[in-house]
Amino acid sequence: LDHFMKEFSIDHVLQSKMYELENEFHVLNEIVIDRGSAPYLSNLECFCDDIFVTRIQADGIIIGTPTGSTAYSLSAGGSIVHPSVPTILLTPVCPHSLSFRPVLFPDYVELRIGVPADARASAWVSFDGRNRMELRKKDFIIIKRSRWPVRTIND
């Protein structure tokens, strides 16, 4: 059998309007940002290494690891990613635009996803299905690879 060790995890840092650290979470599978009970689509902005990438209008967005790629992200149309591929997945949930497709980022980047000041409603974020909390206008999360990877053995 061909075994190899793979180290992977993502740090998720929830920050607020004044860039004060409010919470820090480590996840193995995914972060989900959704519209909660609001009747409106989520309106989010995505930045990669402080460069604007896109404005997201969808029921939500999934930010996943290769380990999480076979879970909720796959159900939403995301790619299956081999555990040895160092990547962060960005998968829209029921996007407003047909042109917004899943995106793979290298795992060394820092993603920032936030609720813009002109959004119609707040959003909700959860970390591996736990610690659900509200993201109000001007709030954002920062996603980056963890300093403390999880070792796994793959066949």
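So, a few notes on the structure that sits alongside this text. Quick caveat: nothing in here was measured; it's all calculated off a predicted structure.

What follows is about the packing of aromatic side chains. Scanning the model with the defined rule gives 2 aromatic pairs in all. Look at Phe25 and Phe127: their rings are 4.2 Å apart centre to centre, the planes differ by 20 degrees, and that puts the pair in the stacked class. Taken together, the positions of Phe25 in strand E2 (residues 21–27) and Phe127 in strand E9 (residues 123–127) put the pair 102 residues apart, joining distant regions of the chain. Here the two residues Phe25 and Phe127 agree in accessibility, since each one is buried.

In this section: unusual backbone geometry. Despite not being glycine, Asn131 has its phi angle at roughly 55 degrees, a positive value. Relative to the helices and strands, Asn131 resides in strand E10 (residues 130–135). In this model, Lys138 sits at a positive phi of 75 degrees, which is unusual for a non-glycine residue. Structurally, the position occupied by Lys138 is in the loop between E10 and strand E11 (140–154). Judged by its relative accessible area of 52%, Lys138 falls in the exposed class.

Another aspect to go through is the environment of Ile142. With respect to the element layout, Ile142 can be found in strand E11. Exposure remark for Ile142: the relative accessible area of 11% places this residue in the buried category. Along the sequence, Ile142 and Leu111 sit 31 residues apart, while their C-alpha atoms lie 5.6 Å from each other.

Once that is clear, we can look at the environment of Ala123. Structurally, Ala123 can be placed in strand E9. Considered as a pair, Ala123 and Ser42 are 81 residues apart in the sequence and their alpha carbons are 6.4 Å apart. Setting aside chain neighbours within four positions, we find Ala123 in contact with Ile33, Asp34, Leu44, Val115, Met133, Glu134 and Leu135.

Parameters and conventions
- In this convention, every chain numbers its residues from 1, walking through the sequence in written order.
- Local features are withheld for residues below a pLDDT of 70 in this predicted model, meaning they are given only at 70 or higher, and side-chain atom pairs are given and counted only at 80 or more; totals for whole chains, interfaces and linings count all residues.
- As a rule here, side-chain values cover all heavy atoms of the structure and leave hydrogens and water aside.
- Here a pair means two rings of Phe, Tyr or Trp (six-membered ring of Trp) with centres within 6.5 Å. Their orientation is stacked below 30 degrees between planes, edge-to-face above 60, and tilted elsewhere.
- Helix and strand labels come from DSSP, where a helix needs a run of H or I of at least four residues and a strand needs a run of E of at least two; each type is numbered from the N terminus.
- The classification of residues rests on relative accessible area computed with a 1.4 Å probe and restricted to protein chains. Under 20% of the type maximum is buried, over 50% is exposed, and intermediate values are partly exposed.
- Should any heavy atoms of two residues lie within 4.5 Å, those residues are counted as being in contact.

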